[in-house]
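Here's the letter readout for the chains.
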Amino acid sequence: MTPLTPYNTPAADDGEFEELSDIDGDDSAINSHSNSTVSWTSLDAKQDEVSESVTTTDSGLGSDGDISNGTHLPITYSHFKHCPPVLYFPGDDEKISKLPRALSKQLKWKMSTITPNVVKNVIARSGFVPSTKRREWIGYWGKHMKASAFRNIQQHQKVNHFPGTFEIGRKDKLWKNFSRSQMKHSKKEYDFIPLTFCLPAEWKTFKRHWDETGHKQKWIIKPPASARGIGIKVVHKLNQIPRKRSIVVQRYLANPYLINGRKFDLRMYVYVSSYDPLVIYLYDNGLVRFASSKYSYSSKSLSNRYVHLTNYSVNKNNDDYIKNQDESGTDSHKWGLKALWKYLAMGGHDIESLKAKIKNIIIKAIICSVPTVTSLSKSHCKYRHTCHELFGFDIFLDHHLKPWLIEVNISPSLHTNAPLDRHIKYGLVKDLFNTAGFVVPQYPSRSKSTSARGPGTPATGPVVKSDHTEHENVSDPELYFNPGLVLSSDEKAKHAYFTQKYPQDSTVLESILERLTPDDLRILMKFEDETARSGDLQVIFPTEYTSKYLKYFNTPKFYDLLMLQWRKKYHKDSIHKGISRLQKIAETQVQFAKQPSNTDHIWCKQNARSLKRSDKISEKKRKQVPFRELDVTSAIKNNLAMDLLMKKGVRPITYKPPLPLPMTRHQGGSAGAVIPVVRSHRELGRGLIQHSVPLSRSQMSTRPVMRGPTELYGEQRHGPRGSVCGDSNSTTSLIRLSR
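Residues numbered from 1 in each chain as written. Predicted model: local features only at pLDDT ≥ 70, side-chain atom pairs only at ≥ 80, totals over all residues. Heavy atoms only, no water.

Here we look at the sheet that holds strand E7 (residues 196-199)
Okay, so step 1: Overall, antiparallel pairing links the four strands, which are arranged E7-E10-E8-E9 in an open sheet. Either end of the sheet is taken by a strand with one partner, and the two such strands are E7 and strand E9 (233-235). If you compare each strand with its neighbour and ignore which way they point, the axes differ by 25 degrees on average.
Okay, so step 2: Where helix H5 (residues 171-184) meets the sheet, its contacts fall on E7, strand E8 (219-222) and strand E10 (247-251), and the angle it forms with E7 comes to roughly 125 degrees.
Okay, so step 3: Along the sheet face, helix H6 (residues 203-213) touches E7, E8 and E10 and points at about 140 degrees away from the line of E7. (Pairing = 2+ DSSP bridges. Helix = DSSP H or I, 4+ residues; strand = E, 2+ residues; numbered from the N terminus. Axes fitted to C-alpha atoms, helices over the stretch in contact; angles between N-to-C directions. Contact = heavy atoms within 4.5 Å.)

As structure tokens, then:
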């Protein structure tokens, strides 16, 4: 299949590519991806496609050497040992090598009818090709979906939306969320959105306000869920406003800041990689969109859309519209955001203060959607890392340079009709995909053996053949990419303590970093890796200055508290100290332990003391064993008295931690009779005894068929003398060998 370009994209079937609501809901994954986030195995160094060794990516991660031709594989390694790598998306002028064919053929992208060309170009340079199958894909960029469609997304896949972001994407719901926040806090803290009414439900309230404030005001009418300027008009008479149609009526900001006599607005690109914990990025560049006709305060000009609307889709139809032919030019009707900051700075304006106000608007707007999005994600998403989203914030500047939020777009346009658009949007998409962290597919020849081990089983071997060994033995990426997937009782206790204690005592956060549990470590390592790959996407939440926004959450979540305290302690000047702390811990692989053996990573002191006491008791018992050590499995194979073992309900096995404990089925008696579930294990020198509930008389009379490593072939055997010590009603019987 040829690489993906805008010219060879396959025809998209409406039912196949328009939405993901038709994704097959079967949980059985395809061979090449079923365990792509469960195990990482060595790539064959003899592959014809790759003869060079791996070099570092632009993000600075991975090995340190450069190869002679300046190319590298499209892989970004983690800062931390044993943590999984992700796919790398190169810049426009950057050279990369191809992955081995066995892996590159798994780089499939699910196309949509609205997938923009800039996305196609970025993914094509990393080796992705379009997929025409429902489940054989890694990434998707398309329309928003119904919440129920998110249930079918597998752990190796990633889509460009969260369920529930319509809470800020629709103009009516955005206002309702802000209105509730104004009532809870104050109007002063949410004074960046114009007064809005949702008709026809609020017609009486709107009519009363109209009568009280006079008839000389201007209002702008918008459909609640439209885009590209469709259905928008400015009015100044009551009879111009529909009374029965669903619309949003907003006070028109009639005193804009003008440049060259024209009105303009800002398109800011905001990327949310996660809602729990909440992580918000702001791209350092954007677009400044001008109206194509000079602004007029006269009511006679209200019908002229080229004067009062700044949408490109509207103004491109004006004969006077000037397209941007230069990435840094300011003589057209579309500028780059950096050009605007430079223009305002030359006029003596405080740019940093203006940027801080815009960031404040963005953070508060995103927080408004947190309750709905986190609730729907918990209900409909199997895995946390399968969703991410790009938002387009439209910001208006009045004559005092005060920023106002006009609307939030959940599918901002990424069309590249001019060199300026391509320059800004290509860099945006590239950095966005690198930050998102797409999982590197596993080597398919090992997929069956990996599946046999089961999910969560660590695999050994480097992802790519390299002179450096710091990335070998990557462990359990399913846990790494899914915070909260598996929580121990100790971790649950820590979560409950801080979320309940923080509202009463904010100083409690000072101790949240003292003992980092394995789940805490996974969250922090994933975040540090993510920010290292972010390029020109700048983190605006969490930062060392954003703890003040916790009061706007309905209920602050544990991960948000943890991340904010981490950023506060290890800010820009000392971030290397925090990374060094995590790197030392990563060497022990404790971040993947479900029950850590090191008390430094057990939060509850009582649990830590219990672990130490248990270790001492176990050591003491091992020293006091009064009888000869023996491998029990070997003893059985040497004809020990199997019948005595069965009478006491003891079943010997060879213990292998990665395998689930097998149940023993019996022949005869009731069909499919199964020995009760295992309760505990006791180590006996080199041998292990599995203690199970004593067998019933009917089970004792049947002949066992041992599964796994301790099979007995043929009939029962009787061997040398042996005795069993312990009460027959007890589950703690031991074997004592007669000399």
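Some details on the side chain of Asn 324
Okay, so step 1: As for its placement among the helices and strands, Asn 324 is situated in the loop between helix H8 (312-315) and strand E14 (334-336).
Okay, so step 2: In this structure the side chain of Asn 324 is engaged in a polar contact, spanning 3.2 Å, whose partner is the side chain of Ser 332.
Okay, so step 3: Not counting the four nearest positions on each side in its chain, Asn 324 is found in contact with Gly 329, Ser 332, Lys 334, Ala 418, Pro 419 and Leu 420. (Polar contact = N/O pair within 3.5 Å; in protein donor to acceptor, adjacent residues only side chain to side chain.)

Topic: the sheet that holds strand E3 (residues 108-110)
Okay, so step 1: Strand order in the open sheet formed by four strands is E4-E3-E5-E6, with parallel pairing between adjacent strands. Looking at which strands have only one partner, the edges of the open sheet turn out to be strand E4 (129-131) and strand E6 (158-159).
Okay, so step 2: Note: strand E5 (residues 139-140) against E6, two bridges, orientation parallel. Counterpart to Gly 139 in the pairing with E6 is Lys 158.

Digging into the packing of helix H9 (residues 337-346) against helix H10 (residues 351-380)
Okay, so step 1: At a minimum axis separation of 10 Å, H9 and H10 run at an interaxial angle of 135 degrees. Judged on the interaxial angle alone, H10 and H9 are oblique. Across the interface between the two elements, Trp 341, Leu 344 and Ala 345 of H9 pack against Ile 351, Leu 354, Lys 355 and Ile 358 of H10.
Okay, so step 2: Tallied by class, residues from the contact of H9 with H10 come to six nonpolar, no polar and one charged. (Parallel < 35°, antiparallel > 145°, perpendicular 65-115°, else oblique. Nonpolar A, V, L, I, M, F, W, Y, C, P; charged D, E, K, R; others polar.)

Some words on the nonpolar core
Okay, so step 1: The biggest cluster of nonpolar side chains holds 134 residues, and the ones touching the most others in it are Leu 266, Leu 278, Ile 366, Phe 391, Phe 393, Leu 405 and Phe 433.
Okay, so step 2: If you tally residues by element for this core, the top one is H10, at 12 residues.
Okay, so step 3: Core analysis: the next-biggest nonpolar cluster, separate from the first, contains 11 residues, Phe 197, Trp 203, Ile 221 and Val 235 among them. (Core = buried A, V, L, I, M, F, W, Y, C linked by side-chain atoms within 4.5 Å. Buried < 20%, exposed > 50% of the residue type's maximum accessible area, 1.4 Å probe, protein only.)

A word on the packing of aromatic side chains
Okay, so step 1: Inspection of every chain in the model, using the stated rule, returns 32 aromatic pairs.
Okay, so step 2: Each ring, one from Trp 203 and one from Phe 206, has its centre 5.9 Å from the other, and the planes form 55 degrees; the classification is tilted. Separated by three residues within a single helix, Trp 203 and Phe 206 lie in helix H6, roughly one turn from each other. We note that Trp 203, like Phe 206, is buried.
Okay, so step 3: Put simply, the rings of Phe 89, Trp 109, Phe 128, Trp 141, Phe 433 and Phe 438 pair up and form one aromatic cluster. (Phe/Tyr/Trp six-rings, centres within 6.5 Å; stacked < 30°, edge-to-face > 60°.)

Some remarks on the environment of Arg 151
Okay, so step 1: Tracing the backbone shows Arg 151 in the loop between E5 and E6.
Okay, so step 2: A sequence separation of 228 residues divides Arg 151 from Ser 379, and the C-alpha atoms of the two residues are 8.5 Å apart.
Okay, so step 3: Ignoring any residue separated from it by four or fewer positions in sequence, one finds Arg 151 in contact with Ser 379, His 380 and Lys 382.
Okay, so step 4: At a separation of 2.9 Å, a polar atom in the side chain of Arg 151 contacts the side chain of His 380.

Topic: the environment of Leu 582
Okay, so step 1: Summarising the element assignment, Leu 582 is placed in helix H17 (residues 575-586).
Okay, so step 2: A relative accessible area of 0% places Leu 582 in the buried class.
Okay, so step 3: Note: C-alpha distance between Leu 582 and Glu 528 (54 residues apart in sequence) is 9.6 Å.
Okay, so step 4: In contact with Leu 582, other than residues within four places in its own chain, are Phe 80, Leu 521, Leu 524, Met 525, Glu 528 and Trp 566.

A short note on the packing of helix H3 (residues 117-125) against helix H11 (residues 419-436)
Okay, so step 1: Look at H3 against H11: their axes get within 9 Å of each other, and the N-to-C directions meet at 50 degrees. In terms of orientation, H3 and H11 fall into the oblique class. In the packing of H3 onto H11, the handedness of the crossing is right-handed. On H11, the residues that touch Val 118, Val 119, Asn 121, Val 122, Ile 123 and Arg 125 of H3 are Arg 422, Lys 425, Tyr 426, Val 429, Lys 430 and Phe 433.
Okay, so step 2: Here the residues of the contact of H3 with H11 are counted per class, giving seven nonpolar, one polar and four charged. (Left-handed = near helix turned anticlockwise from the far one by under 90°.)

A word on H3
Okay, so step 1: By the burial criterion, the buried members of H3 are Val 118, Val 119, Lys 120, Val 122, Ile 123 and Ala 124.
Okay, so step 2: Phi turns positive, to about 100 degrees, at Gly 127, one or two residues after H3.

Some remarks on the pattern of salt bridges
Okay, so step 1: The tally for this structure, following the rule as stated, stands at 20 salt bridges.
Okay, so step 2: Between Lys 81 and Glu 587 there is a salt bridge, with the nearest N and O atoms lying 3.9 Å from each other. Of the two residues, Lys 81 sits in the loop between strand E1 (75-76) and strand E2 (86-87) while Glu 587 sits in the loop between H17 and helix H18 (605-623), which places them 506 residues apart along the sequence.
Okay, so step 3: Of the charged contacts in the structure, one is a salt bridge between Lys 207 and Asp 211, with a shortest N-O distance of 2.9 Å. Of this pair, Lys 207 and Asp 211 both sit in helix H6, four residues apart, which is roughly one turn of the helix. (Salt bridge = Lys/Arg side-chain N within 4 Å of Asp/Glu carboxyl O.)

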